[in-house]
Amino acid sequence: MERDDIIEYSLEAHHSEEHGRKVRRTIWMVTLLLAIVTTVEVTLGAYWKTWFSLDAWHTIKWLYVVLTLVKAGYIVKTFMHLGDERSNIRAIILLPYVLFILYLIFIAIWESQYVNYLWENYL
Amino acid sequence: MTGDAAKVLSNDVLWGGGRSPFSISYGKMMMWFFLVSDALTFSGLLVAYGFVRHSTTEPWPIGEEVFRALPFLHGSYPLIYVALMTAILIFSSVTMVLAVEAGHRMDKGGVVKWLFATVIGGAFFVGSQAWEWSHFNHGGGGFITMADGTRYWVETTHHDTHDPAHAEGFQLVQALPKHYLIPDTLPGGANVEPVTGDAAQQLWKNKVVYMAGAPYPWSANGNEYNEYGPQQYSNFFYFITGFHGFHVFSGVIINLIVLIMVVQGVFHRRGHYEMVEKAGLYWHFVDLVWVFVFTFFYLL
């Protein structure tokens, strides 16, 4: 009997040599971008106190968050090929996750401020 | 690879219902669902870290002051080692995606080459993490407290030295109030000036408490604090990087199994290398998680 669990239903399993060259160029461009962003992050993390005043930390912190999201976006889009999938599969993967996590971040930050307030004032 | 929506699908690639609404294979879809649930776990851990850090009333250690050592070298190299680990993991992600690309061209030699590089990169990352754990465990020194409450940081260049004052190059650095560990530069860019020689020996003699720095609550003279400040800091360090490290470890094993199957020609006979793609999804996810751990644990 033929095993049906190893049939892969593969739709986009092949591409030509020519298309492969294009894919590889994209991969190396993304690699370069990720390397640059990481270098910027590390250099800033190690030396920002020498270059900027302490007030700059707030801006740097948000810059880190943005740069991280840029990196994550490129990894998911190019390395994990999610950019090549249909829009409906993109939506069922990303939307529930993003909605839930945004709420989790919101409620954790909100509640932690209250816990901090209690500890500062009543304990 | 684009424009799938308009594509006419042949019967043997459709699911049982007669049409494939997502134009994606069963295995890939289930891998994505697993990754979403795993991503929720990691997000939960990082959000919990944020909750504790945001609610604590104690000073919290700063990444670039904790992680600044390199193997075989003395001196301060803030975040360089972690950056190296990040580079290794990103690069092994690149070799993985190149293996997937080679698989799309049915280039068996290319898949073997790039997948092998990926396995090596992953093994290097796990090894690096072992060193970092060991170093974190040892700690870099401890604190002495004076009668008036001021604290001085004692760097132990020699581990297991019970009397650091007689170690070579003994020096003390005054700790900033509400601050753990010693920064390389003070706010405003001034260098931190250590106390050396007789002055340092004098301070050492008059100390009230010496708290050896190590994240064991049971090894210090008391368990109120350790070198890394609040106990939760080292708890989260071990749990988050440990959970991620275990993912890397299992990823290496999975990649190794797939590599062996590629060498045996299993996928070539099957006619496509989708298994490499699915293992690749998991591997990229491990890289993706590290990007977030790197930012929220080490940088912020």
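Bear in mind the structure is a predicted one, so any value in this text is a computation, not a measurement.

**Describing the overall build of chain B**
Working step 1: When its secondary structure is counted, chain B shows eight helices and five strands.
Working step 2: Walking chain B from its N terminus toward its C terminus, one meets helices and strands in the order α-α-α-α-β-β-β-β-α-β-α-α-α.
Working step 3: Classification of the 300 residues of chain B by burial places 38% in the buried group.
Working step 4: For chain B, restricting intrachain contacts to residue pairs at least 6 apart in sequence, the fraction spanning at least 24 positions comes to 62%.

**Considering the interface of chain B and chain A**
Working step 1: The interface is formed by 55 residues belonging to chain B together with 51 residues belonging to chain A.
Working step 2: Ranked by residues supplied to the side of chain B that touches chain A, first place goes to helix H1 (residues 26-55) of chain B with 12 residues.
Working step 3: Its residues assigned to classes, the side of chain B that touches chain A comprises 31 nonpolar, 18 polar and six charged.

**Let's talk about the nonpolar core**
Residue and element names in this part refer to chain B.
Working step 1: Counting 74 residues, the largest nonpolar core has Ala99, Val111, Leu115, Val276 and Val293 as its most contacted members.
Working step 2: The element best represented in this core is helix H8 (residues 274-299), accounting for 18 residues.
Working step 3: With residues up to four places along the chain from it excluded, the contact list for Ala99 reads Val111, Trp114, Leu115, Thr118, Val276 and Gly280.

**Quick look at the packing of helix H6 (residues 231-264) of chain B against H8(B)**
All names here are of chain B.
Working step 1: With their axes 10 Å apart at the nearest point, H6 and H8 run at an angle of 160° to one another. By the criterion of interaxial angle, the relationship of H6 to H8 is roughly antiparallel. The two elements H6 and H8 cross, and the hand of that crossing is left-handed. Between H6, through Ile240, Thr241, His244, His247, Val248, Gly251, Ile254, Asn255, Val258 and Val262, and H8, the contact on the second element is made entirely by Met275, Val276, Ala279, Tyr282, Trp283, Val286, Val289, Trp290, Val293 and Phe297.

**What about the packing of H1(B) against H8(B)?**
Residues and elements named next belong to chain B.
Working step 1: Where H1 contacts H8, the two axes come as close as 11 Å, and the packing angle between them is 15°. Classified by the angle between their axes, H1 and H8 sit roughly parallel to one another. Of the two possible hands of crossing, H1 and H8 adopt the one that is right-handed. Mapping the contact onto sequence places Gly27, Lys28, Met31, Leu35, Asp38, Phe42, Leu46 and Tyr49 in H1 and Glu274, Glu277, Lys278, Leu281, Tyr282, Phe285, Val289, Phe292, Phe296 and Phe297 in H8.
Working step 2: Residues of the contact of H1 with H8, tallied by class, amount to 12 nonpolar, one polar and five charged.

**A look at H1(B)**
Working step 1: For H1(B), with 30 residues, the first-to-last C-alpha span of 43 Å sits near the 44 Å given by 1.5 Å per residue.
Working step 2: Taken together, the buried positions of H1(B) are Lys28(B), Met31(B), Trp32(B), Leu35(B), Leu45(B), Leu46(B), Tyr49(B) and Phe51(B).
Working step 3: On the buried face of H1(B), the contacting elements are helix H3 (87-122) of chain A together with H6 and H8 of chain B.

**With respect to the pairing of strand S3 (residues 171-174) of chain B**
All names here are of chain B.
Working step 1: The pairing of strand S2 (residues 151-155) with S3 spans three bridges and is classified as antiparallel. Counted as the bridge partner of Tyr152 is Gln174 from S3.
Working step 2: Of the pairings in the sheet, the one linking S3 to strand S4 (residues 195-196) comprises two bridges and is antiparallel in character. Looking across to S4, one finds that Leu172 is bridged to Val195.

**Side note on the domain arrangement of chain B**
Working step 1: Looking at the assigned domains, one finds that chain B contains domain 1 (25-138 + 233-299) and domain 2 (146-210).
Working step 2: A separation of 37 Å is found between the C-alpha centroids of domain 1 of chain B and domain 2 of chain B.

**Quick notes on the pairing of strand S1 (residues 141-145) of chain B**
If a strand is regular, its side chains alternate between the two faces of the sheet.
Residue and element names in this part refer to chain B.
Working step 1: In terms of residue burial, S1 counts as a mostly covered element, since four of its five residues are buried.
Working step 2: Note that S1 and S2 share five bridges and pair antiparallel. Bridge pairing in S2 places Ile144 opposite Tyr152.
Working step 3: Counted along the chain from S1 to the antiparallel partner S2, the turn is five residues long, and its residue Gly149 has a positive phi close to 95°.

**Here we look at the domain arrangement of chain A**
Interfaces are often described in size by the accessible area the parts lose on coming together.
Working step 1: Its domain assignment divides chain A into domain 1 (15-84) and domain 2 (87-123).
Working step 2: Once you take the C-alpha centre of each, domain 1 of chain A and domain 2 of chain A turn out to be 24 Å apart.

**Points about unusual backbone geometry**
Working step 1: A positive phi is found at His81(A), a non-glycine position, where the angle reads about 60°.
Working step 2: Summarising the element assignment, His81(A) is placed in the loop between helix H2 (57-79) and H3.
Working step 3: The class for His81(A) is partly exposed, based on 19 C-beta atoms found within 10 Å.
Working step 4: If you check the backbone angles, Met106(B) has positive phi at about 55° while not being a glycine.

Procedures and definitions
- Counting restarts for each chain: residues are numbered from 1 in the order of the written sequence.
- Lettering for chains starts from A, numbering for ligands starts from 1, and both go in the order in which the items are written.
- The predicted origin of the model limits local features to residues at a pLDDT of at least 70 and limits the giving and counting of side-chain atom pairs to 80 or more, whereas totals for whole chains, interfaces and linings rest on all residues.
- Secondary structure elements are defined from DSSP: runs of H or I of at least 4 residues count as helices, runs of E of at least 2 residues count as strands, and each element is numbered from the N terminus.
- Using C-beta atoms placed from the backbone, we call a residue buried if 20 or more other C-beta atoms fall within 10 Å of its own, exposed if 12 or fewer do, and partly exposed for counts in between.
- Any pair of residues counts as being in contact when their C-beta atoms, constructed from backbone geometry, are within 7 Å of one another.
- Think of it as three bins: nonpolar holds Ala, Val, Leu, Ile, Met, Phe, Trp, Tyr, Cys and Pro, charged holds Asp, Glu, Lys and Arg, and polar takes everything else, Gly as well.
- Defined on buried residues, the nonpolar core groups Ala, Val, Leu, Ile, Met, Phe, Trp, Tyr and Cys residues joined through C-beta atoms within 7 Å.
- The axes used here are C-alpha line fits, helices contributing only the stretch in contact, and every angle between their N-to-C directions lies in the interval 0 to 180 degrees.
- Oblique is the label for every angle not falling under 35 degrees (roughly parallel), over 145 degrees (roughly antiparallel), or within 65 to 115 degrees (roughly perpendicular).
- By definition, any crossing whose near helix is turned counterclockwise from its far helix by less than a right angle is left-handed, and any crossing with a clockwise turn is right-handed.
- For a helix, the expected span equals 1.5 Å multiplied by the residue count minus one.
- For two strands to pair, DSSP has to find at least two bridges joining them.
- Domain start and end points were adopted from an automatic or database domain assignment.

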